[in-house]
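Residue-level structure breakdown
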Amino acid sequence: MPAAKDPWVARLLADPILALASYTELARLLPYLEERRLAPGDILYHAGDQAQALYLVLSGDLSLTPPGGATQAAPDGRAGEEASGEFDTHLTTAGTLDGATLLVLPRAPLRAFLSAQPLLLANLTQSLTRILAGGSLASDAAASPGPAKAVARKRKAVGAGTVIGWLATLLAPALVLYMAPQWNLAPHAGHFLAIFSATVMMWVFNLVDEYVPGVFAVLTTLAMGLVPIPVMLSGLASDGFLLAMSVLGLATVIVASGLSYRLLLLLLLKLPNTPFWHNCGLLLTGFMLTPLVPSINGRVALLTPFYRDMLETLRLDFKSPSANRLAVSTFVGAGLLSAVFLSSKSVNFVVFGLLSDQAQDQFQWLEWLKASAGAAAALLLTYFLASALYFRKLPPAALSKPQVAAQLSLLGRMKDREWAAFGGVLLFMLGVATTSVHAIQPPWLGLAILYGLLLFGSLTKEEFREKIDWPFLLYLAGIVGLTAALNHLGLTRLLAEKLPELGDIMRGSFPLFVLLLAGLIFVIRLAVPISATIVILATLFMPVAEAHGVNPWVVGFVILVLGEMWFFPYQCSYYQQFQQLTRHCEFYDEKSFLRFNWLSNGLKLASVYASIPWWKMLGLL
C-alpha cells in the first residue's frame, strides 16, 4: 500500500486501536496531526495537567507513571487516552528517558473522530484502565488485536464461491452476446439480455447487497440508451413503490412506538392459561404482526424475546418437547402467512409490481387477501393438524399472568405515538376496504397517511432516514424497471414463444405445473437465496402466464409460497437469525425443529393444491 510509506500514515496504521477505523476516517485526521520532539529527560505532561491531545510515538521511548504506581512503557507507543473521553486532566505522568519524537492529535479533532467510532472509544478507555491497573487486564488477549490483524479485518475474505460468481457474471453476458444472433434478437434486446444475465448472476451468487445489481442494470441500460429513461425508471413512480414506502413508514411507527409490544402482552394476558393457548398466543402474535411488519426477519426479531421470556416464565427445561413446540410456534407465527398479506414481506411488492396496471388495481390489499384466503385456511389447518400429531402429550405448564400484568402496568397508558400508529393502521384498513366508495387507490392512501405521520412528528426525520429500508425500495424500483424494459423490448413475448410447452402446461394442467415448479424451486434454492429465487422465477414465469391466458397473480402467489421452502439452515436467513437470537439453538432441540420444518415444506405444497378449487371458484383459474 503506497500511502503507508508516509511515516505518519504508517504510524496510524500501526496502532492496533486507531487502525480499526476506515481509511477514509484516518485520512481526515492527517491535517490535524503535528510532530513534537522531546529531549532526553523531558516530561510530556504531569498527572493533573489538562488533557489536550493524544500522543503516538514515532521514535524514541515514552513511559507512563500512575499516581502511586510503577513506571511502565507507554502501551503500543500511545499516551494521553484521557483526551479521548470525559477526563479533563491526565491521570498519569508521561516522560522520556532518551528522547522521543511524537505525533500529536489535538483533543477536538480526536473527539470528533471518535464520535462515530464507539468501539475505538471503548478500546482507548480500556487502554487507560489497563495503565492504571498496572499494565494488564484479564481481557487483554481478546481486546488487543495486532496491527496486521486489525487491517485484515477491513478486508473481506474472497472464497471460491465468490470467484466463481464473478466469473459467471463476466461469462454470462459474453455467452448471451454470442448466442443473440442465433436467437434472432435485435441488437438492443441482445445487449439488454446480456446486462440482465449479469444482474441475475450477481443475485444468484449473492456477490453484493441485493439492491446493487438492480442499480447496475439501470445504470448500464440507460448509459447504453437501450430503453427510454421513463421506462427504465418507471419503478420509482409505480404503485408498488409508493405502497411499499408508505407501509414501511407506518410499520416503523408501530414498532418504535411500542404498540406491537403492548398488543403482544395484552394477547398473552387474555388467552386461557394452557400449553395449547400459550403456543396459540405466540402464533397469533406472529399472525397479527404479519401484515404490519413487512419483514420476516423483523418479526422473528420481535417474537424471539417473548419466546425466551415465556420459557423462563413457564420454567420449561431447555430442549424439552414443550420448549421445542414453543420454538416452532414462534418461528411459524413469524413466517407461515407471509404470502397471504400483500404488506407482510418485501418481495410480495415485487410480485405486485410485476402485475399489469389493471391487475394491480384488481389485487390491492384486501383483494390480495381474499384471493389468498384459501391458501391461508389450508396452511393453518395443515399446520395445526401436523403440530398436534408431532407434539403429543406435552406436560402442563402455566404462564405467570401477574408478571404479564405487571409488564403492561409498567407500560402505562397508550402514548401519543401509539395512538398515531393505531389511527394510521385503522385509517389505512378502512380506506382500503372502502376504495370502491371514495376511489382513492391504496398507494395514495398510504402516502397520505405517511405524510400525516411525518407532518405531526409521529415519524421523525431520523427514523424516516434510518429505519425505512431504502436499499429494498431501490431494489424494488430496479426490479420493476427491469420488467418494464423486458416488456418494452419484446423479450417477455419472445420468452413466451420460446416456452410454448410450459405455457400449455400452465393452461392445461396447472397441478402438474405446480409440481414442476416445486421441483425447480427445490433445485434452485440449494444455491440461491429466497428473495433472488422468487424474483427470478416471478420475472420469468409471470409474463409467460399472462401470454398464455393464466392469471399471473396465481403464478406469482405460488412462487411466493413455494419459494419459502428450505431444508438446510444456510438456505434461510431468518432461521439463521433465529439461531443467533436463541444462542445457537440453546433453548430447543434443533434436530426436532428441522424435522418439523421438512414436514412443513410438504404442507406448503399441499396447501397450494388445496387452494386450486378456491381460485377456480373466484374465476382466477
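Residues numbered from 1 in each chain as written. Predicted model: local features only at pLDDT ≥ 70, side-chain atom pairs only at ≥ 80, totals over all residues. Heavy atoms only, no water.

A few words now on the overall build of the protein chain. Within the protein chain, the regular secondary structure consists of 31 helices and eight strands. Counting only C-alpha atoms and orienting by the principal axes, one finds that the protein chain spans roughly 95 × 70 × 50 Å. Within the span of the protein chain, comprising 621 residues, buried residues form 52% of the whole. Put simply, 77% of the contacts in the protein chain that link residues at least 6 apart link residues at least 24 apart. Surface accessibility of the protein chain: about 28,100 Å² in total, with carbon and sulfur atoms responsible for 65%. Charged side chains in the protein chain number 41 positive and 38 negative. The centres of these two groups are separated by 8 Å. (Helix = DSSP H or I, 4+ residues; strand = E, 2+ residues; numbered from the N terminus. Buried < 20%, exposed > 50% of the residue type's maximum accessible area, 1.4 Å probe, protein only. Contact = heavy atoms within 4.5 Å. Areas by Shrake-Rupley, 256 points an atom, 1.4 Å probe, with all protein chains shown as cover. Lys, Arg positive; Asp, Glu negative; His and termini not counted. Charge placed at Lys NZ, Arg CZ, Asp CG, Glu CD.)

Here we come to the pattern of salt bridges. A complete count under the given rule lists ten salt bridges for this structure. Among the ionic pairs, Glu418 bridges to Arg262, the shortest N-O distance being 2.7 Å. Taken together, the residues span a long stretch of sequence, with Glu418 in helix α20 (residues 416-433) and Arg262 in helix α12 (residues 259-270) at a distance of 156 residues. The buried category is assigned to Glu418, whose relative accessible area is 2%. A residue is classified by how much of its surface remains accessible, and Arg262, at 8% relative accessible area, is buried. As a salt-bridge pair, Arg465 and Glu466 come within 3.7 Å of each other at their nearest N and O atoms. On the basis of relative accessible area, Arg465 is assigned to the partly exposed category, the value being 46%. We classify Glu466 as exposed; its relative accessible area is 54%. A single network of salt bridges, built from pairs that share partners, joins Asp15, Asp76, Arg78 and Glu81. (Salt bridge = Lys/Arg side-chain N within 4 Å of Asp/Glu carboxyl O.)

Next up on the list: helix α3 (residues 107-114). Listed as buried for α3 are Arg107, Pro109, Leu110, Phe113 and Leu114. Take α3 and look down its axis: the buried residues cluster within an arc of 170 degrees, on one side only. Turned more than 90 degrees away from the buried face of α3, the exposed residues are Ala108 and Ala112. Among the structural elements, α2 (23-29), β3 (53-60), β8 (100-106) and α4 (118-132) are those in contact with the buried residues of α3. (Arc of directions from axis to C-beta.)

Let us now look at a nonpolar patch on the surface. A grouping of Phe522, Val523, Leu526, Phe568 and Tyr570 is seen on the molecular surface, where their side chains present a nonpolar patch of about 470 Å² in accessible area. By the element assignment, Leu526 lies in the loop between α27 (510-525) and α28 (530-547). Leu526 gets classed as partly exposed once you look at its relative accessible area, which sits at 34%. (Patch = residues over 30% accessible without salt bridge, like charges linked within 9 Å, V, L, I, M, F, W, Y side chains within 5 Å.)

We now examine the sheet that holds strand β5 (residues 72-73). Strands sit in the order β2-β7-β4-β5 across an open sheet of four strands; the sheet is antiparallel. The strands lining the two open edges of the sheet, one partner per strand, are β2 (43-45) and β5. Sheet topology note: the strand β4 (residues 63-65)/strand β7 (residues 93-95) ladder contains three bridges and is antiparallel. Looking across to β7, one finds that Leu64 is bridged to Ala94. (Pairing = 2+ DSSP bridges.)

Residue placement: Ser387 occurs in helix α18 (residues 365-390). Relative accessible area serves as the criterion here: at 0%, Ser387 is assigned to the buried category. Within polar-contact distance, the side chain of Ser387 engages the backbone oxygen of Phe384 at 3.1 Å. (Polar contact = N/O pair within 3.5 Å; in protein donor to acceptor, adjacent residues only side chain to side chain.)

This paragraph deals with empty space enclosed by the protein. A complete count under the given rule lists six cavities of 30 Å³ or more for this structure. Lining the largest cavity we find 18 residues, and of these Phe331, Val332, Asn597, Ser600 and Lys604 sit closest to its centre. Sorting the residues of the lining of the largest cavity by element identifies α15 (321-335), α18 and α31 (590-617) as the ones contributing at least two each. For the lining of the largest cavity, the class distribution of residues is twelve nonpolar, four polar and two charged. (1 Å grid on protein atoms, 1.4 Å probe; cavity = no way out; pocket = protein on both sides within 12 Å on 5 of 7 lines; lining within 4 Å. Points joined across faces, edges and corners; volume = space filled by probe spheres on them. Nonpolar A, V, L, I, M, F, W, Y, C, P; charged D, E, K, R; others polar.)

Before going further, it helps to spend a moment on the packing of α12 against helix α19 (residues 401-411). In contact at an axis separation of 9 Å, α12 and α19 are set at 150 degrees when each is read in the N-to-C sense. It follows that α12 is roughly antiparallel to α19 by the angle criterion. The crossing of α12 and α19 is left-handed. Mapping the contact onto sequence places Tyr261, Arg262, Leu265, Leu266, Leu268, Leu269 and Lys270 in α12 and Lys401, Val404, Ala405, Gln407, Leu408 and Leu411 in α19. A class-by-class count of the residues in the contact of α12 with α19 yields nine nonpolar, one polar and three charged. (Axes fitted to C-alpha atoms, helices over the stretch in contact; angles between N-to-C directions. Parallel < 35°, antiparallel > 145°, perpendicular 65-115°, else oblique. Left-handed = near helix turned anticlockwise from the far one by under 90°.)

What follows is about the packing of α28 against helix α29 (residues 552-563). Running from N to C, α28 and α29 point in directions that differ by 160 degrees, and their axes come no closer than 9 Å. By the angle between their directions, the pair α28 and α29 is classed as roughly antiparallel. As for how α28 packs across α29, the hand of that crossing is right-handed. Between α28 and α29, the residues in contact are Ile530, Ile534, Leu537, Ala538, Phe541, Met542, Ala545 and Glu546 and Pro552, Val555, Gly556, Ile559, Leu560 and Gly563, respectively. When its residues are assigned to classes, the contact of α28 with α29 shows eleven nonpolar, two polar and one charged.

A few words on the pairing of β8. Counted residue by residue, β8 has six buried out of seven residues, so it is predominantly covered. Bridge analysis of strand β1 (residues 34-38) against β8 gives five bridges, and the strand direction is antiparallel. Its bridge partner lying in β8, Leu38 is registered against Ala100. Pairing of β3 with β8 involves seven bridges; the strand directions are antiparallel. In the strand pairing of β8, Leu56 is matched with Leu103.

Glancing now at the confidence of the model for the protein chain. Per-residue confidence for the protein chain gives a mean pLDDT of 84, with 93% of residues at or over 70. Averaged pLDDT values for the elements of the protein chain fall to 48 in helix α6 (residues 147-153) and rise to 94 in α29. The low-confidence segment residues 142-152 (pLDDT under 50) makes eleven contacts with residues lying over four places distant or belonging to another chain. (pLDDT = per-residue confidence, 0-100.)

As summarised here, the arrangement of the four strands in space is β1-β8-β3-β6, forming an open sheet in which the pairing is antiparallel. Two strands lie at the open edges of the sheet, namely β1 and β6 (78-79), each paired on one side alone. Contacting β1, β3, β6 and β8, helix α1 (residues 7-14) crosses the sheet at an angle of about 110 degrees to β3. Of the strands in this sheet, β3 and β8 touch α3, which is tilted by about 65 degrees from β8.

Attention now goes to the environment of Pro402. Counting through the fold element by element, Pro402 comes out in helix α19. For Pro402, a relative accessible area of 63% gives the class exposed. Linking Pro402 and Leu269, residues 133 residues apart in sequence, is a C-alpha distance of 8.7 Å.

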